[in-house]
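Secondary and tertiary structure notes
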Amino acid sequence: MRILAIESSCDETAAAVVEDGRTVLSSVVASQVEEHKLYGGVVPEIASRRHAEAIVGVTSQALQEARMELSQVDALAVTYAPGLIGALLVGVNFVKGLKLATGKPLIPVHHLRSHIAANYIAHPDLQPPFLCLVVSGGHSHIIEVSDYTKLRVIGRTRDDAAGEAFDKAARAMGMPYPGGIHMDKIAGGGDDGAFRFPHPRVDGAPYDFSFSGLKTAVINQIHNAAQKGIELPVADLAASFRKAVVDCLLDRFIKAARDTGATRLVTAGGVSANRLLRARLEEECRQNGWELFMPPLSLCGDNAAMVGAQAYYEFLSGRSAGLDLNACAAMSIEE
Ligand code: KG4
Ligand code: ZN
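Values in this document were obtained by computation on a predicted structure and should not be read as measured data. (Residues numbered from 1 in each chain as written. Chains lettered and ligands numbered in written order. Predicted model: local features only at pLDDT ≥ 70, side-chain atom pairs only at ≥ 80, totals over all residues. Heavy atoms only, no water.)

**Some remarks on the site of ligand 1**
- Of all residues adjacent to ligand 1, which total 19 residues, the nearest are Gly137, Asp167, Asp184, Gly270 and Asn274.
- The separation between an oxygen atom of ligand 1 and a polar main-chain atom of glycine 137 is 2.8 Å.
- A distance of 2.5 Å is found between an oxygen atom of ligand 1 and a side-chain nitrogen or oxygen belonging to aspartate 167.
- Burial of ligand 1 by the surrounding chains reaches 87%, relative to a free accessible area of 550 Å².
- Of all the secondary structure elements, the ones that give two or more residues to the shell around ligand 1 are α4 (111-122), α5 (162-172) and α6 (179-187). (Near = heavy atom within 4 Å. Polar contact = N/O pair within 3.5 Å; in protein donor to acceptor, adjacent residues only side chain to side chain. Areas by Shrake-Rupley, 256 points an atom, 1.4 Å probe, with all protein chains shown as cover. Helix = DSSP H or I, 4+ residues; strand = E, 2+ residues; numbered from the N terminus.)

Here is the structure:
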């Protein structure tokens, strides 16, 4: 089954053709990051306008690279939640237009489910059940994936997402948007014991995260130093902050794995590109004899191939939508 998938939930306009959930026939991503960089973050109104401009070209290119006509695909898929509402609506309405024109089935896909599905593309032997750490710019979750479309949240952030914390701390350190990747690079040359940051826990919720205190701690440290005219060593600051975030993520994820008896661990989302997170998780899994699956860097960020992958399993489980499909800014991954 060949699915034409569209993604427009944030600042990437993407289209892909994916066969049977696992084989990518084409994947095109048009990033708007250079424009949003000027403002230090994604400007929702600009994101929607750029999606509207790019979506036809990106889709045509995806079909062309897959050497297919629209009439030859078996189904259409789109990210419909969660994300920036104006951005999601561009993809949703575009795909509804394609459905109206072709009569093909339309499969709505949850953005975080698709991040997890990036692993099905990269690892043909990966099947549920597994425990997944989903860490993106907007979300940080520990998810029990018992089947392709049966997911349960067992841990979540109470405030900022890990990616958001990285981006805001990186911005305070003078790095361009999105700062997570820059901080990761600079941290490589720093001393992670140079600064001590809090490792907040959430009372009564052993698998939940809280990153806003950590983010505020580093921002306060930078502002205090600036007021005193002191220049902080950015590499040491970045290394110490990255370590604190990764400590928190791994502490909860490893505990969840032990408590649930999971032996297959998976990561997903933009922050799973983080080098320290990957290295530490590899070591943990090696020591515990757990299997580990992580997306390659090219599939960590937003793309439509992962949407096409998850859509296949959604379709097999009976999910499809009509022309009344709407976008949702917020939605649980369990729905
Ligand atoms: O999954 P994603 O592409 O978009 C959302 O669905 O949010 O995640 C983007 C996030 C950004 O916050 C970005 O800074 C972060 O992933 N990110 C990283 C790294 N690469 C991307 N954070 C830490 N280390 C990285 N290497
Ligand atoms: Zn994403």
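**Topic: the packing of helix α8 (residues 234-260) against helix α9 (residues 275-288)**
- α9 packs onto α8 with a crossing angle of 30° between their chain directions and a minimal axis gap of 10 Å. Classified by the interaxial angle, the pair formed by α8 and α9 is roughly parallel. Crossing hand, α8 versus α9: right-handed. Every residue of α9 that contacts α8 at Arg242, Lys243, Val246, Asp247, Leu249, Leu250, Phe253, Ile254 and Arg258 is listed here: Arg275, Leu276, Leu277, Arg280, Leu281, Glu284 and Asn288.
- Grouping the constituent residues of the contact of α8 with α9 by class yields eight nonpolar, one polar and seven charged. (Axes fitted to C-alpha atoms, helices over the stretch in contact; angles between N-to-C directions. Parallel < 35°, antiparallel > 145°, perpendicular 65-115°, else oblique. Left-handed = near helix turned anticlockwise from the far one by under 90°. Contact = heavy atoms within 4.5 Å. Nonpolar A, V, L, I, M, F, W, Y, C, P; charged D, E, K, R; others polar.)

**Some words on the nonpolar core**
- Ile142, Met173, Met183, Phe211, Val218, Phe241 and Leu249 are the most contacted members of the largest nonpolar core, which has 45 residues in total.
- Looking at this core element by element, the count peaks at 14 residues for α8.
- Once residues lying within four places of it in the same chain are set aside, the contact partners of valine 218 are Ala169, Met173, Phe197, Leu237 and Phe241.
- Within the second largest apolar cluster, 37 residues are counted, among which are Ala14, Ile116, Ile143 and Met306. (Core = buried A, V, L, I, M, F, W, Y, C linked by side-chain atoms within 4.5 Å. Buried < 20%, exposed > 50% of the residue type's maximum accessible area, 1.4 Å probe, protein only.)

**With respect to the pairing of strand β1 (residues 2-7)**
- Taken across its six residues, β1 has five buried, putting it largely inside the fold.
- Alignment of β1 against strand β2 (residues 12-19), held across six bridges, turns out to be antiparallel. Following the sheet pairing, glutamate 7 is matched in β2 by alanine 14.
- Bridge analysis of β1 against strand β4 (residues 75-81) gives four bridges, and the strand direction is parallel. In the strand pairing of β4, alanine 5 is matched with alanine 77. (Pairing = 2+ DSSP bridges.)

**Quick notes on the coordination of the zinc ion (ligand 2)**
- Around the zinc ion (ligand 2), the protein contributes the donor atoms His111 (NE2), His115 (NE2) and Asp302 (OD), at 2.0 to 2.1 Å from the metal centre.
- Of note is the zinc ion (ligand 2), whose four donor atoms meet at the metal with angles of 92 to 132° in an arrangement that counts as tetrahedral. (Donors = N, O, S within 2.8 Å, 3.2 Å for Na, K, Ca; no water. Tetrahedral: all angles 85-135°; square planar, octahedral: opposite > 155°, others 65-115°.)

**Here's the deal with α5**
- Those residues of α5 lying buried are Ala162, Gly163, Ala165, Phe166, Ala169 and Ala170. One face of α5 carries all of its buried residues, which in axial projection span an arc of 160°.
- Glycine 174, located one to two residues past α5, shows a positive phi value of around 85°. (Arc of directions from axis to C-beta.)

**Considering unusual backbone geometry**
- Between alanine 81 and proline 82 the backbone carries a cis peptide bond, its omega angle lying at -20°.
- With respect to the helices, strands and loops of the structure, proline 82 is situated in the loop between β4 and α3 (85-102).
- Following proline 128, the chain continues into proline 129 via a peptide bond in cis, with omega recorded as 10°.
- Looking at the element boundaries, proline 129 is found in the loop between α4 and β6 (130-135).
- Positive phi outside glycine occurs at aspartate 20, with the angle close to 50°.
- Considering the arrangement of structural elements, one finds aspartate 20 in the loop between β2 and β3 (23-31).

**What about the pairing of β4?**
- Counting buried residues in β4 gives seven out of seven residues, a clear majority hidden from the surface.
- Both β4 and strand β5 (residues 106-110) contribute to a ladder of five bridges, which runs parallel. From the neighbouring strand, leucine 76 faces β5, where its bridge partner is leucine 106.
- Once you follow β4 into α3 and on to β5, the crossover reads as right-handed. (Right-handed = clockwise from strand over helix to strand, strands pointing away.)

It is worth stressing that arrangement in space is one thing and function is another; only the former is reported here.
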